[in-house]
Amino acid sequence: MTTVIKAEHLFKIFSGHHKDARRITALDDLSLEVYEGEILGILGPNGAGKTTFLNVLSTLLLPDSGRVEILGIPSVPRNFNRLRGLLNMSSGYPNFPWCLTIEENLQFYGRLYGLSGRPLRKRLDDLIEMFSLGDYAKRRFDELSSGTKQRLSLAKALLNSPRLIFFDEPTIGLDPDVAAKTRKIIVDIIRSAKVTVLLTTHNMQEAEMMCRRVAFIKQGKVLHLAPVEELKRVTGKKDLEEVFIALAKGGLPLHPGPMGPSGRSIALAHPMEPAVFSSSLNSWFNRCFAFTQRNAIFAVRNFFAFAELLFWPIVSVISIGLMGDFLELQEKAMDFVLTGAIAAGVLQVTQLDVAYSLLYEVWSKSMKHTALTPVGISENLFGSWVTGIARGLVVFGVLSLAAVLMFDFRFPPVVVTGIFLWGIFACALLLGLLVSVLLLIYGQKAEITAWMFAYLFMLLCGIYYPVTTLSPFFRAMAEGIPITYFLEYFRQSFGFDSGMSHLLFKGFGLVVFYLAVGLGVMRYAFYQARRKGTIVKLSE
């Protein structure tokens, strides 16, 4: 009898943001073992700790103390990505990226699990057929009924052929006939592939039909763990619903019950082939591409949002140019300030794509689905950055055209312009990284920083004026911002010299340094987000 999950002495306490806030003990010395191939029901009243327990097991939440071992692998941060390739989760009332279709959502998460090419296409076709999603495959998530959304969640939970699945109210919101079909699919897959399932539900009939053993949890403790028939015998009740009521009122002594599941295997009528994953390096590029593609879809389907982003940089360039004409600026002075206006527009639009990548998940409340995949901290950043670069190039082209046609702006040589652009793009990546870290630490209230920091850095780096005009204190700050050096490098072509040396070495050197530090801080921020439950909160 193989132990799949071994949880020992788990504690989890949630504290409010205020000093006088009540501390909530969600898990209180909870210990439990789950065995291969069984469907274990996790039952209990609202607030008992069921979902918290599943979040801990699925790596979305870190316990305050205790030990978890899954499939023989200690569930600690260094093993999380390995574990996430082996497990999956489906929750009631799910949320996914709202402007992606069913097919695009499955494709996005499939790529995050390492699927690509024909294996990914085959997997999608199998799941769409299995859950009768064919008629809705091209519909956006925000156009779906609650039942169809739930079926999408169930399909997503099977994308990576997991060995362990957590179902949190899997049939809630489904019509009775669809719920019955879903239960049969779950049982068939479990029996044929030896998949292990933890099931939480308030539907006692469903639990009695699907589970041989159930664990009753109340106030974060396992009150009783036993086969359903034994629970009915011990309590003298005729069905599990009456058992639930009896246990919720008083509780019974802990009883471990039989150690393993029983029951015959049921063959799938149309068994799915195991998921085929690509190598680790290919998977990294595949996951990056998933974020690039997702953000590109967002950009195309939110054209007016992009038009708004483009509108303000155009207004800025034209306003600066007209002001320069009014003040009768010399040619090189006009080129100086227009350079700043163009750089500001490109920087803002590009960094917003990086910052918005995490914000998209906050707004759609789908962050936990991404956090459940074996995706690292870099794929989201770099994948979104590619989309940001593409949009930044569009903005650069439009602003440059306006500056040339309206104000006779003179561009330096192509090589100089190209290096300058890459410097701006690199700084945009850093800004997006900073905003992402703040979102993980402070939650959605940090959303305003997506705009604030870009303008703050522009103020310090001499976007419209030479840094030599700044006071010594602020000039020292400007010398710590990479974009300062890229602006100075570009403006040298117009005859300006701030006295700074080794501009590109310092600019790109700071980019590399800040990127290394930023990725380390972001890794820590994700750790803290799992410890505090921020990822779960941002998905609710």
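Preceding this section is the structure that the text describes.
Residues numbered from 1 in each chain as written. Predicted model: local features only at pLDDT ≥ 70, side-chain atom pairs only at ≥ 80, totals over all residues. Heavy atoms only, no water.

## Quick look at the overall build of the protein chain
Condition: Secondary structure elements follow DSSP: runs of H or I no shorter than four residues count as helices, runs of E no shorter than two count as strands, and numbering proceeds from the N terminus. When accessible area is computed with a 1.4 Å probe and restricted to protein chains, residues below 20% of their type maximum are described as buried, those above 50% as exposed, and intermediate ones as partly exposed. We call two residues in contact whenever any of their non-hydrogen atoms come within 4.5 Å of each other. Methods summary: accessible areas were calculated by the Shrake-Rupley approach with a probe of 1.4 Å, and residue burial reflects only the protein chains presented. The charged-residue count follows a simple rule in which Lys and Arg add positive charge and Asp and Glu add negative charge, with His and chain termini not counted at all. Throughout, a charge is located at the NZ atom of Lys, the CZ atom of Arg, the CG atom of Asp or the CD atom of Glu.
Looking only at helices and strands, one finds 20 helices and ten strands in the protein chain. If one aligns the C-alpha atoms of the protein chain with their principal axes, the spans along those axes are about 95 × 50 × 35 Å. Within the protein chain, the fraction of its 540 residues that count as buried is 55%. Across the protein chain, contacts joining residues at least 24 apart in sequence account for 77% of those joining residues at least 6 apart. Here the protein chain has roughly 23,600 Å² of accessible surface; of this, 61% comes from carbon and sulfur atoms. Each charge class in the protein chain was averaged separately, 54 positive and 44 negative side chains, and the resulting centres sit 6 Å apart.

## Let's talk about the pattern of salt bridges
Spelled out, the test is: Definition used for salt bridges: Asp or Glu carboxyl oxygen within 4 Å of a side-chain nitrogen of Lys or Arg.
Counted under the stated rule, the structure contains 22 salt bridges. The partner of Lys122 in a salt bridge is Asp126, and the shortest N-O contact between them spans 2.8 Å. You can see Lys122 and its partner Asp126 sitting in helix H4 (residues 117–130), four residues apart, about one turn around the helix. Counted as one network, the salt bridges with shared partners bring together Lys6, Glu8, Arg67 and Glu69.

## A short note on the packing of aromatic side chains
Applicable threshold: Any two rings among Phe, Tyr and Trp, with Trp reduced to its six-membered ring, count as a pair given centres within 6.5 Å; such a pair is stacked if its planes are under 30 degrees apart, edge-to-face if over 60, and tilted if neither. Think of it as a cone above the ring: NZ of Lys or CZ of Arg counts as a charge over the ring if it is within 6 Å of the ring centre and within 35 degrees of the ring normal.
All chains considered together, the criterion is met by 25 aromatic pairs. A ring pair is formed by Phe216 and Phe244, whose centres lie 5.5 Å apart and whose planes are at 75 degrees; its orientation type is edge-to-face. Separated by 28 residues along the polypeptide, Phe216 in strand E9 (residues 213–218) and Phe244 in helix H9 (residues 240–249) bring together distant segments of the chain. Note on Phe216: relative accessible area 2%, which makes it buried. Of the residues examined, Phe244 reaches a relative accessible area of 16% and is grouped as buried. Judged by centre distance (6.1 Å) and plane angle (70 degrees), the ring pair of Phe382 and Trp385 falls under edge-to-face. On the criterion of helical spacing, the pair formed by Phe382 and Trp385 is a turn pair, its members being three residues apart in helix H14 (residues 378–407). Among the residues examined, Phe382 registers a relative accessible area of 21% and is labelled partly exposed. Under the relative-accessibility criterion, Trp385 is labelled buried at 15%. For Lys149, the ring lying beneath its charged end belongs to Phe141, and the centroid distance is 4.9 Å.

## Some thoughts on H9
Every α-helix carries 3.6 residues per turn, so stepping three or four residues along brings you back to the same face. What counts, and what does not: Throughout, the arc means that of the directions going from the helix axis to the C-beta atoms. Pairing of N or O atoms within 3.5 Å defines a polar contact, subject to two protein rules: one partner must be a possible hydrogen donor and the other a possible acceptor, and residues neighboring in sequence count only if both atoms are side-chain atoms.
Taken together, the buried positions of H9 are Leu240, Val243, Phe244 and Leu247. Down the axis of H9, the buried set is contained in an arc of 100 degrees. They therefore lie on one face. In H9, those exposed residues whose orientation departs by more than 90 degrees from the buried face are Glu241 and Lys249. Close packing links the buried residues of H9 with strand E3 (39–43), helix H7 (204–210), E9, strand E10 (221–227) and helix H8 (228–235). The backbone nitrogen of Glu241 lies 3.2 Å from a side-chain oxygen of the residue at the head of H9, namely Asp239.

## As for the sheet that holds strand E4 (residues 65–70)
Going by this rule: Two strands qualify as a pair provided that DSSP identifies no fewer than 2 bridges between them.
Ordered in space as E2-E1-E4-E5, the four strands form an open sheet in which the pairing is antiparallel. Both outer strands of the open sheet, strand E2 (24–35) and strand E5 (73–74), are each paired with one neighbouring strand and no more. Both strand E1 (residues 3–14) and E4 contribute to a ladder of five bridges, which runs antiparallel. Counted as the bridge partner of Lys6 is Glu69 from E4.

## Quick look at a nonpolar patch on the surface
Condition: To count toward a patch, a residue needs a relative accessible area above 30% and no salt bridge. Like charges then connect within 9 Å, nonpolar side chains (Val, Leu, Ile, Met, Phe, Trp, Tyr) within 5 Å.
Taken together, the side chains of Leu401, Val404, Leu405, Met406 and Phe411 make up a nonpolar region of the molecular surface, amounting to roughly 460 Å² of accessible area. The topology assignment puts Leu401 in helix H14.

## What about the sheet that holds E9?
Formally: The axes are straight lines fitted to the C-alpha atoms, using for helices just the contacting stretch, and the angles between their N-to-C directions are given from 0 to 180°.
Within the open sheet, the six strands sit side by side as E6-E7-E8-E3-E9-E10. Their pairing is mixed. Looking at strand neighbours, the two that pair on one side only are strand E6 (87–91) and E10, the edges of this open sheet. With direction set aside, neighbouring strand axes in the sheet form an average angle of 15 degrees. In the packing of H8 onto the sheet, the strands contacted are E9 and E10, and the crossing angle to E10 comes to about 105 degrees.

## Let's talk about the environment of Leu538
Tracing the backbone shows Leu538 in the segment after helix H20 (534–537). Accessibility expressed as a relative area gives 10% for Leu538, which makes it buried. Residues Leu538 and Leu440, spaced 98 residues apart in sequence, show a C-alpha to C-alpha distance of 9.2 Å. The contacts of Leu538, once residues within four sequence positions are left out, are Glu361, Val362, Lys365, Met367, Leu439, Gly443 and Gln444.

## Considering empty space enclosed by the protein
Where we set the bar: Site definitions follow a grid-based scheme: protein atoms alone, a 1 Å grid, a 1.4 Å probe that fits but cannot get out for cavities, and for pockets an open set with protein on both sides within 12 Å along at least five of seven lines, plus lining residues having an atom within 4 Å of a point. Grid points are joined across faces, edges and corners, and a volume is the space filled by probe spheres set on the points. In this classification, the charged set is Asp, Glu, Lys and Arg, the nonpolar set is Ala, Val, Leu, Ile, Met, Phe, Trp, Tyr, Cys and Pro, and all remaining amino acids, among them Gly, are polar.
All chains considered together, the criterion is met by two cavities of 30 Å³ or more. One number sums up the size of the largest cavity: a volume of about 50 Å³. Looking at the largest cavity, the residues that line it are Leu100, Glu104, Gln107, Phe108, Ala290, Gln293, Arg294 and Ile297. For the lining of the largest cavity, the secondary-structure elements that each account for two or more residues are helix H3 (102–112) and helix H10 (280–301). The element best represented in the lining of the largest cavity is H10, accounting for four residues. Considering only residue class, the lining of the largest cavity consists of four nonpolar, two polar and two charged. Approximately 40 Å³ is the volume attributed to the second largest cavity. In terms of lining residues, the second largest cavity is bounded by Phe131, Leu154, Leu158, Ile165, Phe167, Ile185, Ile186, Ile189 and Ile190. Listing elements by their share of the lining of the second largest cavity, those giving two or more residues are strand E7 (164–168) and helix H6 (176–193).

## Observations regarding the nonpolar core
What counts, and what does not: Side-chain atoms within 4.5 Å link the members of a nonpolar core, which is a set of buried Ala, Val, Leu, Ile, Met, Phe, Trp, Tyr and Cys residues.
In terms of nonpolar packing, the biggest core is built from 173 residues, with Phe53, Phe131, Phe166, Leu198 and Leu240 touching the most fellow members. At 19 residues, the largest contribution of residues to this core is made by helix H12 (residues 331–364). Filtering out sequence-adjacent residues up to four positions away, Phe53 remains in contact with Ala7, Leu10, Leu27, Leu30, Leu32, Ile42 and Leu198.

## A word on the pairing of E6
In terms of burial, E6 is largely enclosed, as five of its five residues are buried. Summarising the sheet, E6 and E7 pair through five bridges and their orientation is parallel. For Met89, the partnering residue across the bridge sits in E7 and is Phe166.

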